[in-house]
Amino acid sequence: MSTLGDLFLTYQSVISFVGIDALLALSVYATLCCGQLSLANAGFMAIGAYAAALLTLHTKLPFAAVLLASALAPAVFAVPLGLPVLRLRGIFLAIATIGFGEVVRLALVNWDYTNGALGLVAIPQRAQLWTIYLVLVIALFLFSRLRGSKIGYALESIREDETAARTMGINTTLAKLSMFVFGAALAGVAGGLEAHFTFMVAPSGYGFSRVVDMLVYAVVGGVATYLGPPVGAAFMTLLPEVLRGLGESVGLAPGPLRLFVSGAILLAVVLFLPNGIISLPLLFAAVRMRRERG
Amino acid sequence: MGQQAINGIFLGRIYALFAVGYTLVFGVLDIINLAHQAIFMLGAFCALVLVGELHLSIAVAFPIAVLFSGALGILLDRIAFRPLRGRAYSNMSGLISSIAVATLFEAIALQFFGPDTSRFPFGTFPERPLRLGGAVVSTLQLCIVAISVVLMVVLTYLLRRTRLGRQIRAVAESPRAARILGIDVDRVIAASFFISSALGGAAGVLFALAFNSLSPDIGRSVELKGLAVIILGGMGSVPGAVIAGFAIGLIEVFTVAKLGSSYRDAVSFAVLFLVLLIRPRGLLGRVALREA
Amino acid sequence: MLLALDGVERAFGGVRAVDCTSFAVREGEIHGLIGPNGAGKTTLLNLISGLLRPSSGSIKLADRRIDSLAPHQIAALGVSRTYQNIRLFPALRALENVLVGEHLVRRAPLWKRLFFLPGARAEEQAARTRALTLLERVGMRERAGARAQYLSYGEQRRVEIARALASNPRLLLLDEPTAGMNAAEVTSVAALIRQVAKEGHSVLLVEHNVRLVMDVCEQITVLNFGKVIADGAPQAIAQDPAVIAAYLGNED
């Protein structure tokens, strides 16, 4: 009986991580959907996580307030960062945001108040499976209402052709900044949730590879709609669990195998399924239609 | 003071060598190749294997590792970039594609070499400190500087004086126009990847020798530093990358001397931000956006 | 005067794309802007719509200077345009393209949608209906659901015109709207332009099709090498020696 309980606990843990990763994937999608490749979200996640951790460890605030703070803290940073940086063209924006992420990480490594590289530990587990998924559902709801709205179309038009969008009266700077801040808030709240689920925060968890993971979730899932990134997150987070068993039976170390398969899937998606996993059903439907036409 | 300058120059050389590869590919494809750092790392491991397992001398292992890295570059182009040519959003796909291959390379390195630090066998490079002015310089450092200078000179000659170099510059200017002129754009791009990755691998071997430590993640720290270098130097500009490599190497060393080592990495990013905010095209980068 | 350019100049490097250009467009007027290739016509449109800043001179819309405003601000003042190279939103459907064009005239705050208020639904319906009507005007209603990237060249041009009309502009800038069209299509565009002007929109028409311009425009400005070489009614322009020289001279 206890093994069953253990099994459930294990899966519960993975499913919780899927929820957090889905939020992170959505945070990257927030800027991708208007055509901006921003890689700052590991930095925003760190800010949210640390803010939440500090509040929990030093104050008696209820968890809801702590989570709200974990969304607002990075949003506050996102505004002064976004204004100059969103003016930069594509690749420069990506690099500037990578730089921001690194600056945040380095600042945390050197901050004695939070034990530098060791980070903070013994954070009580205030985030449950349901808290994580409640936040995820709210985020998905917001995105679903955005799609098909006047602002939603404006964002799509910016992605397609920013110049033309501007001459249609769309204040593209404001729109991009808003999504940048929204993404920051999502990443922050995901950080806050994770901190209260894994009991600790440390700078090493918010490096460049973290934001690359987020980007991978979004791309593998598909960035045409808001449903893609969570699907990608689920796929990429569950896959290593599935593979762990396989790998051990073949005698390969789990670390390299998981990494190899991640890379292979990512490459396969980019080359053969550029619209992500979520476009698979469409692909099957198209193939079936073609076959029916004979 | 002079000692710091020497250390800065020497570090800068390695950054410059790494960055030149980055910028070459960017100039030709308008893509940041995030697998460059993985080839940097694999080049170093190749040299390690040749010296450690096959007991070749470093003088023989080095060119082989460089060629091996170049070959990896061609492979990278074939599987990650070439299939995407002509697609919409190819810049972002290319970026992610390169991340994928970088992950694959790192996984392979992890499988064969493990996550821990490896070292070159003792005696790989004869250490003999020399006095130069008031500073101490090791023969290794001199060698690194000499090799990188030679490689830069060769690269400059290649780009300015050979037909291939002219073709590379033509493609960097406008692939469409180059195609109309009859240039085999795919072949030129493959050649650019070969050169870029060879230089990256060379930088990797030199880096590993200089610090005598190698692990599958050495590419990561240099990768981000390399971005700062090419931004400062100007994307697509080879001389810019060289100058900026030096500048960042020197800035880093002086920062550590004055402010302590915890600021070392931060200062590269400070430079990165300043450049992007004030003068995004860097020192010698092109102003105009590339034509298709 | 709805639109007034005064001494407008714009250089790129050493090249003066627009050199001390002055002309004006009246309310409700169809004004043509013609000239050989490279005369600076598209540059002028880019200057008027705010994508470029003039190096000197002023551009006024109803006596208000607009040359230092951002493109979206100029659009909000009632300027709308099409592009020489067609800039539809490729992945968006024709209908959605026109919906984006309606951006300035729609009042659709997001919070209403968040709470599923009935007003939001009604507004969206109204916007869609307006968009379909516009597509009907350009004969593209049946293709409303097609993605812009799959439309033919002529179809894309027509959708772009519909999109430009969607914001109910005071001034409509058309950049070679009939390029690549056959004679029948050109005729229908000409009719559309006349209709649009009758409804109170002013039109600044950049075109290579000189016959169309002569036919439809009340005033024509002729550019060559960035300078205005003639400005007047079609008959006067047709006989202007400088104009004839410019066109014949460039036929080498």
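Rules of the game
- Residues numbered from 1 in each chain as written.
- Chains lettered and ligands numbered in written order.
- Predicted model: local features only at pLDDT ≥ 70, side-chain atom pairs only at ≥ 80, totals over all residues.
- Helix = DSSP H or I, 4+ residues; strand = E, 2+ residues; numbered from the N terminus.
- Rg over C-alpha atoms; globule rule 2.2 N^0.38 Å.
- Buried ≥ 20, exposed ≤ 12 C-beta atoms within 10 Å, placed from the backbone.
- Contact = placed C-beta atoms within 7 Å.
- Nonpolar A, V, L, I, M, F, W, Y, C, P; charged D, E, K, R; others polar.
- Pairing = 2+ DSSP bridges.
- Axes fitted to C-alpha atoms, helices over the stretch in contact; angles between N-to-C directions.

Asker: Help me out: how do you make sense of the overall build of chain B in this one?
Answerer: Looking only at helices and strands, chain B has 11 helices and two strands in total. The C-alpha atoms of chain B give 19 Å as radius of gyration, which agrees with the globular expectation for 292 residues (19 Å, within 12%). Its C-alpha atoms put chain B at 55 × 45 × 35 Å along the principal axes. Looking at chain B as a whole, 52% of its 292 residues are labelled buried.

Asker: Would you explain the interface of chain A and chain C in this entry?
Answerer: Many authors give the size of an interface as the accessible area that is lost as the parts come together. The interface of chain A with chain C comprises 18 residues on the first partner and 25 residues on the second. Secondary-structure elements contributing two or more residues to the side of chain A that touches chain C are helix 6 (150–160) and helix 7 (162–166) of chain A. Among the elements that line the side of chain A that touches chain C, the one with the most residues is helix 6 of chain A, at seven residues. A per-class count over the side of chain A that touches chain C returns six nonpolar, six polar and six charged.

Asker: What am I meant to see in the sheet that holds strand 10 (residues 227–232) of chain C here?
Answerer: In a beta sheet, neighbouring strands are held together by backbone hydrogen bonds and run either parallel or antiparallel to one another. Residue and element names in this part refer to chain C. Spatial ordering of the open sheet is given by 6-7-8-3-9-10, a layout of six strands whose pairing is mixed. Edge positions in the sheet fall to strand 6 (79–81) and strand 10, since each of these pairs with one other strand and no more. In this sheet, neighbouring strand axes are inclined to one another by 20° on average, regardless of whether the strands run parallel or antiparallel. By the bridge criterion, five bridges tie strand 7 (residues 171–175) to strand 8 (residues 202–206) in an arrangement that is parallel. Considered in strand 8, the bridge of leucine 172 is made with valine 203. Where helix 1 (residues 41–49) meets the sheet, it contacts strand 3 (30–34), strand 6, strand 7, strand 8 and strand 9 (219–224), and its direction lies at approximately 150° from that of strand 7.

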